[in-house]
Every structure is written in structure tokens, then in C-alpha cells.
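Overview (structure and organization)
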Amino acid sequence: MEKREIEELKQLRKEKERMKSLLDFGHEVSSRILNLDELLKLIMGETRNILDAERCTVFLRDFDTDTLWSKIADGLGGGEIRIPLEKGIAGAVARSGELINIKDAYSDERFNTATDKKTGYVTKTILSCPMKNKMGESIGVFQVLNKKGGLFDDDDEKILLLLARQAADAVENAFLYDEQRKMFESFIDTLSDTLDKRDYLTAGHSRRVTFFSIKTGEAMKFFPHEIELLKYSSWMHDMGKIGVREHILAKAGKLTDEEFEQIKSHAVFTREILEKIYFKREFRQIPEIASSHHENLDGSGYPRGIKGMVIPFFSRIIAVCDVFDALTSKRHYREPMPILGVLNLLKKDTDTKFDPVCVDAFFKINLLDIVLGINHEKVENFVIVSEDEELLKKYNLEDFYRVLSCAEYTFEQSRIIEAFAKYYGK
Ligand SMILES: [Fe+2]
């Protein structure tokens, strides 16, 4: 075979590879529409490979602030970059809606050298094109830097335009989904803030229970969509307390039977309130899960006194986390219970009140997360020494329970107890 033929064959193979990558790109992008971060990461990685470039960044346009932002700056170690629309090549592309192919970045006056100066990277060639939605608006910009072994050519331009078109729909969907999620979460946050404002001592309870529930779900290797359902259900589990009179919620002494009945009605109110909210299909079980967090395995719980497997599994998880947080927090009528007492109680009530599977998973949470969860609402003034952090990360609650149950402690065991005690007791 002649040298020219070998070259042609090589070129043909390369084209075939590129074609396959382009087809894969379309498929991958359209199947990951729900997670914006993941989607952007995928688009940037694939575009860089297909165009044989060193870097690729996808900027999204923020119409409110007239800026372009990129959540994950590929190759720059993560984080968020934000640039005004009137600056740089990406800004010029977003404004004009036209592709720009630059052979020498430093001789182009529109090029903003700030990022290079900050990172030590040297930009040579730039291919940048707009990402347009169906209405023809530029919703973002693709920026590819430094073509390996030369300049970006006509084919690269066509391919980038094609990639940008394919990505636009998926990005817009993911963006919309992200906005919806933020709106939904801010709504739950407001509701749980309303509860917190009524009683400062139980403030943060819902968020801490949510934190522990997520960690328990992670210990059980739940899928992300299951973690989401668990997260929202636990965040809203006590929503019904809005319907309980304040003097009962905040009573310092022991509750009378009648007052206790009033408190118990919060579980029914939780269901009634949540049933009024429209939840998408994946979240339809939230009212049922959230309102069943006081049901016990043996049927001695409330409001319905349902038993065993009839109690939703996620409610059984929330039940463990709820009791753990209640006992480790200060209340109007008592101080936080010593940690060994809390763990003993959880163990004692396993099989009668609590599901052993959920208790086991809860005890798999590492001590660092337990400490972070307990202090969840004090993030701003909460500091944990890195030495303690390392130590607490190594042991889970089950290990700790075993340590605490020992008659005598080894040096390492004393260190764990000491480190934990520093961050326990509010
Ligand atoms: Fe409750």
C-alpha cells in the first residue's frame, strides 16, 4: 500500500471515530437531562475529546445579572467562574450570536488574559460558539481552547456548532429542572423556618433529622432518587406542628395527657398539610412517609398504630433519626441525654419500636458525620480540629457504642471518647 493510501486510510478511520463520538454525544446528552452539573461535565469532556483540544468550558448565560457563568471550569480544578457579558471572547460570542475562531489569542484585543494570569495556563487558539435555544436566543457559550497540534479548522467549526445545538435543549431542560428544584426547596425551607421561629429550642430539628436520614440512606447505598424522596419526607416530617398550640410545644414541665394528645395530632396534621401540596409522581408518597414517623414496629405508635412492614420503610428510617436528634438535643424540660444513654435506648427499642435494618444502617454513620449532624445548625461558628476530624472519620457509631460499653479504655479509645465529647452537648 502506498504512503498516500495509508494516510487516507488513517484519515478515514479518524473521521469514523469522530462520527461515532458525535452520535454517542447526542445519545449521552439527551439521556442525562436532569442533572445540570453532570450534564455540563459530560458536554465539556466530550467536546474536548471530539475536537482534540486541551480544554473546554461551557458558559451559561444568567439573564438576571447579564453575566456568563460556568459551574465546573474543566481543567481549572472546579468552582464557579462568572464573567460580565461585555468582557472576553465568550462575552462577544454571547452578544453577537456568532462563532469566533481565533488563531492567536494574545493578538486579539477581545481576549481577557485574567484567567491565564491567575492559573498560569497559556491560551493559544480559541474556538467559541453560541449555544442557542429554539427561540434563537444565546443561552450559553461553548469555549474550546488550544487545538492539539495546530489550528481549529472549518470542520471543527461545523462540529462545534452541531454539538452546541445538540447540547442546548438538554441544558435548557436541566436548567429548568434545577430552577424547579430550587423553588421547591426554598418553599420547604420557608415552611421549616416558620416552625423554627415558633420554638427556638427545637429549631433546626427537621434539618438535622434530614441530615441523619440522608446519611442512613447512604449507608444503605440508596439510589439518588431514593435519597431525594427520603430527604424531602424527613425535611417535612414535623410540618403538622404548625397546627399545635405554641404553649404546648414550648411547655417546660411535663405534659398532661390531654396536652400529649394535642402534640400527637401533629402527625395527622402533617399528612393533611402535605396532601394539599401537588407532588410530582416520584414524590407522591411524601405525605404518607412523613406522617408515619411516629409509628412503631409493634403497632404501639401513632397516629394509626400500624405495624411492621405496613409502616413505610422511609418512615422507619426517619423514626430512628428523629428520636436520636430529640434525645441529643436540649429540650424545655431537660438537657441533652448522655450519648451512651441515647445509643442504649435505640438498641433497647430495636425490634419493638425501631426496624433493626434501619438501626443497623444508622449505626454505620461515621462519628464525624454524627458530630456534623448534631451541630448542623451552628455551621457558622462550628469549628472542628482537623486531627479530631481524621479520628472521628475512622469510626462509626457501632464502633463507638462498643468502645463506650468497655469497662476500661485503650489509649485510642480514650482519644475517640475525648474527641467526640468536645463536639457533643449543646
Ligand atoms: Fe414528630
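Every value quoted in this text rests on a predicted model; they were computed, and no experiment measured them. (Residues numbered from 1 in each chain as written. Predicted model: local features only at pLDDT ≥ 70, side-chain atom pairs only at ≥ 80, totals over all residues.)

Quick word on the overall build of the chain
Looking only at helices and strands, the chain has 17 helices and six strands in total. Relative to its length of 426 residues, the chain is extended, with a C-alpha radius of gyration of 28 Å against a globular reference of 22 Å. In terms of its C-alpha atoms, the chain occupies a principal-axis envelope of roughly 90 × 55 × 45 Å. Expressed as a percentage of contacts within the chain between residues at least 6 apart in sequence, the contacts between residues at least 24 apart total 62%. (Helix = DSSP H or I, 4+ residues; strand = E, 2+ residues; numbered from the N terminus. Rg over C-alpha atoms; globule rule 2.2 N^0.38 Å. Contact = placed C-beta atoms within 7 Å.)

Overview of the packing of helix 2 (residues 36-50) against helix 5 (residues 154-198)
Closest axis-to-axis distance for the helix 2/helix 5 pair is 9 Å, and the angle between their directions is 170°. One finds that helix 2 runs roughly antiparallel with respect to helix 5. Between helix 2 and helix 5, the residues in contact are Leu36, Leu39, Ile43, Thr47 and Ile50 and Ile159, Leu163, Ala167, Ala170, Val171, Ala174, Phe175 and Asp178, respectively. Taken together, the residues of the contact of helix 2 with helix 5 sort by class into 11 nonpolar, one polar and one charged. (Axes fitted to C-alpha atoms, helices over the stretch in contact; angles between N-to-C directions. Parallel < 35°, antiparallel > 145°, perpendicular 65-115°, else oblique. Nonpolar A, V, L, I, M, F, W, Y, C, P; charged D, E, K, R; others polar.)

Examining helix 14 (residues 367-374)
Where burial is concerned, most of helix 14 is hidden: seven out of the eight residues are buried. When we look at burial in helix 14, the residues that qualify are Leu367, Leu368, Ile370, Val371, Leu372, Gly373 and Ile374. (Buried ≥ 20, exposed ≤ 12 C-beta atoms within 10 Å, placed from the backbone.)

Thoughts on the sheet that holds strand 4 (residues 100-102)
The strands making up a sheet are joined through hydrogen bonds of the backbone, oriented either antiparallel or parallel. Reading across from one edge, 3-2-1-6-5-4 is the order of the six strands in this open sheet, with antiparallel pairing throughout. What marks the edges here is a single partner per strand, and that holds for strand 3 (81-84) and strand 4. Adjacent strand axes in the sheet meet at a mean angle of 20° when their direction is disregarded. As defined by bridge partners, strand 5 (residues 126-132) adjoins strand 6 (residues 138-147) across seven bridges and the pair is classed as antiparallel. The residue bridging Pro130 from the neighbouring strand is Val141, located in strand 6. Lying on the sheet, helix 2 is in contact with strand 1 (53-62) and strand 6; it crosses strand 1 at an angle near 145°. Strands in contact with helix 5 are strand 4, strand 5 and strand 6; relative to strand 5, the strand with the most contacts, it is inclined by about 35°. (Pairing = 2+ DSSP bridges.)

Observations regarding the nonpolar core
Ranked by size, the top nonpolar core spans 49 residues in total, and within it Val320, Cys321, Leu346, Phe362, Leu367, Val371 and Phe420 carry the most contacts. Here this core gets eight residues from one element, more than from any other, and that element is helix 11 (residues 313-328). Residues contacting Phe420, with those up to four places away along its chain left out, are Leu367, Val371, Leu392 and Phe400. Ranked by size, the runner-up nonpolar core spans 38 residues in total, among them Cys56, Ile89, Val141 and Leu145. (Core = buried A, V, L, I, M, F, W, Y, C linked by C-beta atoms within 7 Å.)

Details of helix 9 (residues 257-274)
With 18 residues, helix 9 ought to run about 26 Å at 1.5 Å a step, and its terminal C-alpha atoms sit 27 Å apart, in line with that. Along its length, helix 9 reaches its greatest deviation from straightness, about 30°, at Val268. Those residues of helix 9 that sit buried are His266, Ala267, Thr270, Arg271 and Leu274. Buried residues along helix 9 sit in contact with helix 10 (286-291). (Expected span 1.5 Å × (residues − 1). Bend = angle between axes of the 7 residues up to and from the residue.)

Points about the pairing of strand 1
Most of strand 1 is tucked away, with seven of its 10 residues classed as buried. In this sheet, strand 6 lies alongside strand 1 in antiparallel orientation, the contact comprising seven bridges. Counted as the bridge partner of Cys56 is Val144 from strand 6. Pairing analysis gives three bridges linking strand 1 to strand 2 (residues 67-70), with the strands arranged antiparallel. Its bridge partner lying in strand 2, Asp62 is registered against Thr67.

What about the environment of Glu86?
Note that Glu86 resides in the loop between strand 3 and helix 3 (88-96). Placed 18 residues apart in sequence, Glu86 and Leu68 show a C-alpha to C-alpha distance of 9.6 Å.

Notes on the domain arrangement of the chain
By domain assignment, the chain separates into domain 1 (3-176) and domain 2 (179-422). A C-alpha centroid distance of 44 Å is found between domain 1 and domain 2. (Domains from an automatic or database assignment.)

Describing unusual backbone geometry
The amide bond that connects Tyr302 to the next residue, Pro303, takes the cis arrangement and shows omega of 5°. Inspection of the secondary structure assignment puts Pro303 in the loop between helix 10 and helix 11. Positioned with a positive phi, Asp66 is a non-glycine residue whose angle comes to about 55°. Summarising the element assignment, Asp66 is placed in the loop between strand 1 and strand 2. Look at Asp66 and you get partly exposed, because 13 C-beta atoms sit within 10 Å. A positive phi angle is found at Asp351, which is not glycine, with a value near 85°. Take Asp351: it is sitting in the loop between helix 12 (339-348) and helix 13 (356-362). On the basis of neighbour count, Asp351 is assigned to the exposed category, with 12 C-beta atoms found within 10 Å.

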